[in-house]
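The residues making up each chain are set out below.
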Amino acid sequence: MASWLWHEFRRVDLPAVCIDARHAHAALSVRMNKSDQNDARGLAELVRVGWYREVKVKSEESQRIRTILVARSRLVGIRRDIENQVRSMIKEHGLLFRRAIGLQFRKRVIELLGDDHQLRTVIEPLLAIHDQVCQQQSKFDDEVRRLAKADETTRRLMTVPGVGVITALTFRHTIDDPSRFRSASTVGAYLGLTPRRNQSGETDLNGRISRWGDRLLRTYLFEVATVLLHRTKKWSSLKEWGTKLAKRIGMRRAKVAIARKIAIILHCIWVDGTSFFIRMGSGSGRIKLR
């Protein structure tokens, strides 16, 4: 309820600071005894000495749109789970079919089962739920398209290769205020796309990415990197850089690096009021921002 409390305090002109929970927990964990009284005193001391990390609270509009995006993502997950479950159940009876989603998926399952298959009574309730989930997801999809079309910043973010409506709108309302980042390079760390570092004496190790920050946006950026490498046909310096990187360090690590770079590019486009486009000529191409 931190976001709600912060906005309500601001409505009545009271100062409010939202503190990073991880940072506060690390500071309070040194106390021997944990109690509500000790926690309250510890938080007050953190604020008094200024040794805390403030969390940027999203605007109410961004919170509302984020709710739509999260709900849509959950429906997509439910739909995928049902499809995988149905595929698994009919595969045990030797029935296979090509990849399909939505209405085509239900049609192919019904065609395979026929009228007298023993799984028909088990599969039909799942398909009925699948139909309802697809209908509700379609409503969310229409709303997301409408929101993206009405927002000029989101439309400019969509000019980046591989970035679609969902990713652009999610980035727009997850970051909310781009001015809170001192530089675009810090966006990758904010989204948990930078490696952890463990340095002590002569030891200096870089581990896996931290995975802090918003999981939904991090997942979408990773999907954008995958689309850029495998599906996007149009040439760009970003695609060329990613392809070379994949050959040198491996596909999975390259996708993480591309996702981090795309996050930086999106932030730059947002701040500069520019768009991403590719200029071709003399057998070569360059990425420019306008």
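Residues numbered from 1 in each chain as written. Predicted model: local features only at pLDDT ≥ 70, side-chain atom pairs only at ≥ 80, totals over all residues. Heavy atoms only, no water.

Draft legend 1. Region of the structure containing the pattern of salt bridges. In the structure shown here, the tally under the stated rule is 16 salt bridges. Between R11 and E8 there is a salt bridge, with the nearest N and O atoms lying 2.5 Å from each other. One end of the pair is R11 and the other is E8, both in helix α1 (residues 2-11) and three residues apart, which spans about a single turn. Among the salt bridges present, the one from R106 reaches D131, with a minimum N-O distance of 3.3 Å. Here R106 is found in helix α5 (residues 102-113), whereas its partner D131 is found in helix α6 (residues 120-150), with 25 residues between them in sequence. (Salt bridge = Lys/Arg side-chain N within 4 Å of Asp/Glu carboxyl O. Helix = DSSP H or I, 4+ residues; strand = E, 2+ residues; numbered from the N terminus.)

Draft legend 2. Geometry of the pairing of strand β2 (residues 203-209). Here strand β1 (residues 195-200) runs beside β2; their pairing, made up of five bridges, is antiparallel. Paired with R197 across the two strands is N206, which belongs to β2. Counting the residues between successive antiparallel strands, the hairpin from β1 to β2 contains two residues, one of them, G201, with a positive phi of roughly 65°. (Pairing = 2+ DSSP bridges.)

Draft legend 3. The arrangement of the side chain of Q137 in detail. If you trace the backbone, Q137 turns up in helix α6. Judged by its relative accessible area of 10%, Q137 falls in the buried class. Once residues lying within four places of it in the same chain are set aside, the contact partners of Q137 are R72, L75, V76 and R79. (Buried < 20%, exposed > 50% of the residue type's maximum accessible area, 1.4 Å probe, protein only. Contact = heavy atoms within 4.5 Å.)

Draft legend 4. Region of interest: a positive patch on the surface. A grouping of R208, R211, R215 and R252 is seen on the molecular surface, where their side chains present a positively charged patch. If you trace the backbone, R215 turns up in helix α10 (residues 215-230). For R215, a relative accessible area of 66% translates into the label exposed. (Patch = residues over 30% accessible without salt bridge, like charges linked within 9 Å, V, L, I, M, F, W, Y side chains within 5 Å. Areas by Shrake-Rupley, 256 points an atom, 1.4 Å probe, with all protein chains shown as cover. Lys, Arg positive; Asp, Glu negative; His and termini not counted. Charge placed at Lys NZ, Arg CZ, Asp CG, Glu CD.)

Draft legend 5. Focus on helix α3 (residues 36-49). Given a rise of 1.5 Å per residue, 14 residues ought to cover 20 Å, and the 20 Å separating the end C-alpha atoms of α3 matches this to within 8%. Looking one or two residues beyond α3, the residue adopting positive phi is G50, at roughly 80°. (Expected span 1.5 Å × (residues − 1).)

Draft legend 6. Representation of the packing of aromatic side chains. Scanning the model with the defined rule gives three aromatic pairs in all. With a centroid separation of 5.2 Å and an interplanar angle of 75°, the aromatic rings of F181 and Y190 are classed as edge-to-face. Taking the relative accessible area as the measure of exposure, Y190 reaches 27% and is therefore partly exposed. Directly above the ring of Y190 sits R180, whose terminal nitrogen or CZ lies 4.7 Å from the centroid. (Phe/Tyr/Trp six-rings, centres within 6.5 Å; stacked < 30°, edge-to-face > 60°. Lys NZ or Arg CZ within 6 Å of the ring centre and 35° of its normal.)

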